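As a plain string of letters, each chain reads:
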Amino acid sequence: MKSDKLFRKVCLVFQLSIQFTLGSQEAQRFGFKPTLLTSLKSILIALLFPATLIPASLSGEKEELSIAKIFTNHCVLQRDMPTPIWGHAAPKTPVKVRFANQTKTTKSDQQGKWQIQLDPMPASSSPAELTVTSGSKTITFTDILVGEVWLCSGQSNMGLGLSKATGGKDAIAGANHPKLRLFRVKQNPAYSPVNFIEGEWIACSPDALSRNGGGFSAVGFFFGRQLLETLDCPIGLIGSYVGGSPVEAWMSEEALSAFPDRRSQTVRRLMDYQKARDGMDQAMAEHAPKLTAWEAELAARNVAHREDLKTWGEAVEKARESNQPLPTRPKAAAVSRRPLEPNRYPHHATVLYRGMIEPLIPYGIRGTIWYQGEANCYPKRAEEYATSFPMMITDWRKRWGQGDFPFLFVQLPNLAKAKEDWMTLRESQRQTNETVANTAMAITIDVGDPNDLHPANKKPVGERLALLARTHVYGEKQIANGPLIKSAKPIGEGKLSLSFHNGESGLQAGVNGIGKLGGFEVAGEDGQFASAEAEISGSQIIVSAKKGIVPKQVRYAWATNPFPSANLYNQEGLPASPFSIIVN
């Protein structure tokens, strides 16, 4: 009798363990974390076997030592500033960290969290070991360099992979840059706090880039490569980007909650997120049968396709025997799109901040490059971007605790099929550049593709960002950007004098100074804009309105695809930013 009960218990444990083990991937789709599944399996086994097999976290034994996932072999630590290192250990236990000639000790807190700071270090291309020890456990990472670290974030134009960029395949073939290190954060929208990310640092080489599908950001690569050439120190790039993501997805819930207009589209997106988060259990339950139905559809399709292939193979044999043309190989029938798990939706407010930015904090960085805005080109939201984007920058800086670190971003390029909100968002970006300290904007209205939302010509974009960094961050003496409007003053009947930043060396029509200046418009009291003549006068532009118009507003390049008619450049060959301002 006892043996029968024991046998049934063994069968039950075996069955449940197999379900949890083989179905772990499926279970994770429903929100179960791998650590939970492991614990459940161990608890089931413990029903039969000795209690010594219960996980350490349940039995009171010490937890495994861990370090934040951003630390791996080949990583780059930020030079010339304190370097945080952090992770988990058993509660209230000593932790020792060694790197180069430094040794730091601390003790984990009640929750097992620990953090130390390495003293500021100069750049070093000599590979070193990072070792973390607690009790009998030791973690060691090798080939660690010290240099400049930049976060590359945004949406699909930041995420466009190097292999898809113009000249990208040649760049990969010549990418023998062992001091350029890349870390790509795996997409991970999160509806609750997480303390982990997925990814690994790689040393840049043709083989490493090819093995990763050439998928690292092309903008980031060209930015980093130019810094590597000019700074001659290790460069680390962290790529955290998701296609189609709005700025709200990259903002913390606290930052979004502080948005001043409670009736705004921005706040509405926050409320949509909160509603989705609070109803996630029900949404996941409703998703389960949909996923089951889709998997059944896929399985049936595969069975039918195998039968078709079998029939086709027989037909091929017969055709060969009778010397007839071979039949065409059948294709698998299409299936419906796999239903996305509600907790994997990446475009809700705050979910990308939570899953792909917060786990990186407080890793030492020099600054951020950012290419995003397309997903905010909608009525009201494009205008609200002038508030939400600066709020995001301020919030990131506050949470990183490194002061107002440099934040360099790309103004939207030329795109013929875009709507008017495209111009509004460009203006919101210009205003951010004007009002938020330690920011700089790369102007790209002349290097986009008017027929493609994802222009492949990413090299000039990355290099313009690098030029901004070289000048504003690393102190090179040069003009690093195109003309940015400073003021518009009336100077006579129907005339305005426009002054610009970055025009000190002189302004010109076209990158080569050839052609007639265009792209300027003025509006009177009625707010109706009309084209206006413009001419260069040293470092200023004189705009003449049509007869009878008393200029109250002036704008430039106010079109989704203003290039080449809008052709104001400085002597450095950099284009002027679009703008729309009130006359002083």
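Residues numbered from 1 in each chain as written. Predicted model: local features only at pLDDT ≥ 70, side-chain atom pairs only at ≥ 80, totals over all residues. Heavy atoms only, no water.

### A short note on the sheet that holds strand β3 (residues 83–88)
Then step 1. With antiparallel pairing, 3 strands are arranged side by side in an open sheet as β1-β3-β6. Every interior strand has two partners, whereas the edge strands, β1 (66–67) and β6 (113–118), have only one.
Then step 2. Note that β1 and β3 share 2 bridges and pair antiparallel. In the strand pairing of β3, isoleucine 67 is matched with glycine 87. (Pairing = 2+ DSSP bridges. Helix = DSSP H or I, 4+ residues; strand = E, 2+ residues; numbered from the N terminus.)

### A closer look at helix α11 (residues 280–321)
Then step 1. With 42 residues, α11 extends 60 Å between its outermost C-alpha atoms, agreeing within 8% with the 62 Å of an ideal straight helix rising 1.5 Å per residue.
Then step 2. The largest bend along α11 measures about 25 degrees and falls at histidine 287, with the proline proline 289 one to four residues further on.
Then step 3. Residues of α11 that are buried include every one of Met280, Met284, His287, Leu291, Trp294, His305, Val316 and Ala319, and no others.
Then step 4. Just past α11, the residue asparagine 323 takes up positive phi, approximately 55 degrees. (Expected span 1.5 Å × (residues − 1). Bend = angle between axes of the 7 residues up to and from the residue. Buried < 20%, exposed > 50% of the residue type's maximum accessible area, 1.4 Å probe, protein only.)

### Considering the environment of proline 91
Then step 1. Assignment of secondary structure puts proline 91 in the loop between β3 and β4 (94–99).
Then step 2. Along the chain, proline 91 and lysine 113 lie 22 residues apart, while their C-alpha atoms are 7.4 Å from each other.
Then step 3. Filtering out sequence-adjacent residues up to four positions away, proline 91 remains in contact with Ser108, Asp109, Gln110 and Gly112. (Contact = heavy atoms within 4.5 Å.)

### Quick notes on the packing of helix α13 (residues 381–400) against helix α14 (residues 421–435)
Then step 1. The contact between α13 and α14 brings their axes to 8 Å, and the two run at 35 degrees. Considering how the two elements wind past one another, α13 and α14 form a crossing that is right-handed. Facing Ala382, Glu383, Tyr385, Ala386, Phe389, Pro390 and Ile393 of α13, the residues of α14 in contact are Asp421, Thr424, Leu425, Ser428, Gln429, Gln431 and Thr432.
Then step 2. Of the residues that constitute the contact of α13 with α14, the class distribution is 7 nonpolar, 5 polar and 2 charged. (Axes fitted to C-alpha atoms, helices over the stretch in contact; angles between N-to-C directions. Left-handed = near helix turned anticlockwise from the far one by under 90°. Nonpolar A, V, L, I, M, F, W, Y, C, P; charged D, E, K, R; others polar.)

### Section: the packing of helix α10 (residues 265–278) against α13
Then step 1. Across the interface, α10 lies against α13 with an axial gap of 9 Å and an inter-helix angle of 85 degrees. Relative to α13, the element α10 is oriented roughly perpendicular. On α13, the residues touching Gln265, Thr266 and Arg269 of α10 are Arg381, Glu384 and Ser388.
Then step 2. Of the residues contributing to the contact of α10 with α13, the split by class is no nonpolar, 3 polar and 3 charged. (Parallel < 35°, antiparallel > 145°, perpendicular 65-115°, else oblique.)

### So, the sheet that holds strand β20 (residues 533–537)
Then step 1. Spatially, β15-β16-β21-β20 is the arrangement adopted by the 4 strands of the open sheet, whose pairing is antiparallel. Here the strands that pair on one side only, and so sit at the sheet edges, are β15 (484–492) and β20. Averaged over all adjacent pairs, the angle separating strand axes in this sheet is 25 degrees, with direction ignored.
Then step 2. Here β20 runs beside strand β21 (residues 540–544); their pairing, made up of 5 bridges, is antiparallel. Of the residues in β21, the one forming a bridge with glutamate 535 is isoleucine 542.

### Examining the pairing of strand β16 (residues 495–501)
Then step 1. Summarising burial for β16: 5 of the 7 residues are buried, a large majority.
Then step 2. Strand direction decides the pairing type here: β15 and β16, joined by 7 bridges, are antiparallel. From the neighbouring strand, isoleucine 485 faces β16, where its bridge partner is phenylalanine 500.
Then step 3. Adjacent in sequence and paired antiparallel, β15 and β16 are bridged by 2 residues, among which glycine 494 carries a positive phi angle near 75 degrees.

### Observations regarding helix α8 (residues 218–231)
Then step 1. The terminal C-alpha atoms of α8 lie 20 Å apart, and with 14 residues this matches the ideal 20 Å at 1.5 Å per residue to within 8%.
Then step 2. With 12 of its 14 residues buried, α8 lies for the most part within the structure.
Then step 3. Taken residue by residue, α8 has Ala218, Val219, Gly220, Phe221, Phe222, Phe223, Gly224, Arg225, Gln226, Leu227, Leu228 and Leu231 as its buried positions.
Then step 4. Measuring from the side-chain oxygen of the N-cap residue of α8 to the backbone nitrogen of valine 219 gives 3.4 Å; that N-cap residue is serine 217. (Polar contact = N/O pair within 3.5 Å; in protein donor to acceptor, adjacent residues only side chain to side chain.)

### Describing the confidence of the model for the protein
Then step 1. Summarising the model, the protein shows a mean pLDDT of 90, and 89% of its residues fall at 70 or more.
Then step 2. In this model residues 1–62 is a low-confidence stretch, pLDDT under 50, and it forms 48 contacts with partners more than four residues away in sequence or in other chains. (pLDDT = per-residue confidence, 0-100.)

### Comments concerning the nonpolar core
Then step 1. If you look at the biggest cluster of nonpolar residues, it comprises 104 residues, and the most contacted ones within it are Ile70, Phe71, Tyr363 and Leu498.
Then step 2. Setting aside residues no more than four positions away along its own chain, phenylalanine 71 makes contact with Leu77, Pro84, Ile85, Trp86, Leu130, Phe141 and Tyr363.
Then step 3. Counting 44 residues, the second largest nonpolar core, distinct from the first, contains Cys152, Leu182, Leu231 and Ile369. (Core = buried A, V, L, I, M, F, W, Y, C linked by side-chain atoms within 4.5 Å.)

### With respect to the packing of aromatic side chains
Then step 1. One pass over the full model with this rule turns up 21 aromatic pairs.
Then step 2. Measuring from ring centre to ring centre gives 6.2 Å for phenylalanine 500 and phenylalanine 579, while their planes differ by 65 degrees; the resulting arrangement is edge-to-face. You can see phenylalanine 500 sitting in strand β16 and its partner phenylalanine 579 sitting in strand β24 (residues 579–582), a full 79 residues away along the chain. Note on accessibility: phenylalanine 500 and phenylalanine 579 belong to one class, buried.
Then step 3. Three or more aromatic residues link up through ring pairs in this structure, and these residues are Trp250, Trp370, Tyr385, Phe389, Trp396, Trp400, Phe405, Phe407 and Phe409.
Then step 4. The ring centre of phenylalanine 405 lies 5.9 Å from the NZ or CZ of arginine 397, which sits over that ring.
Then step 5. A cation sits over an aromatic face here: arginine 555 above phenylalanine 529, 3.8 Å from the ring centre. (Phe/Tyr/Trp six-rings, centres within 6.5 Å; stacked < 30°, edge-to-face > 60°. Lys NZ or Arg CZ within 6 Å of the ring centre and 35° of its normal.)

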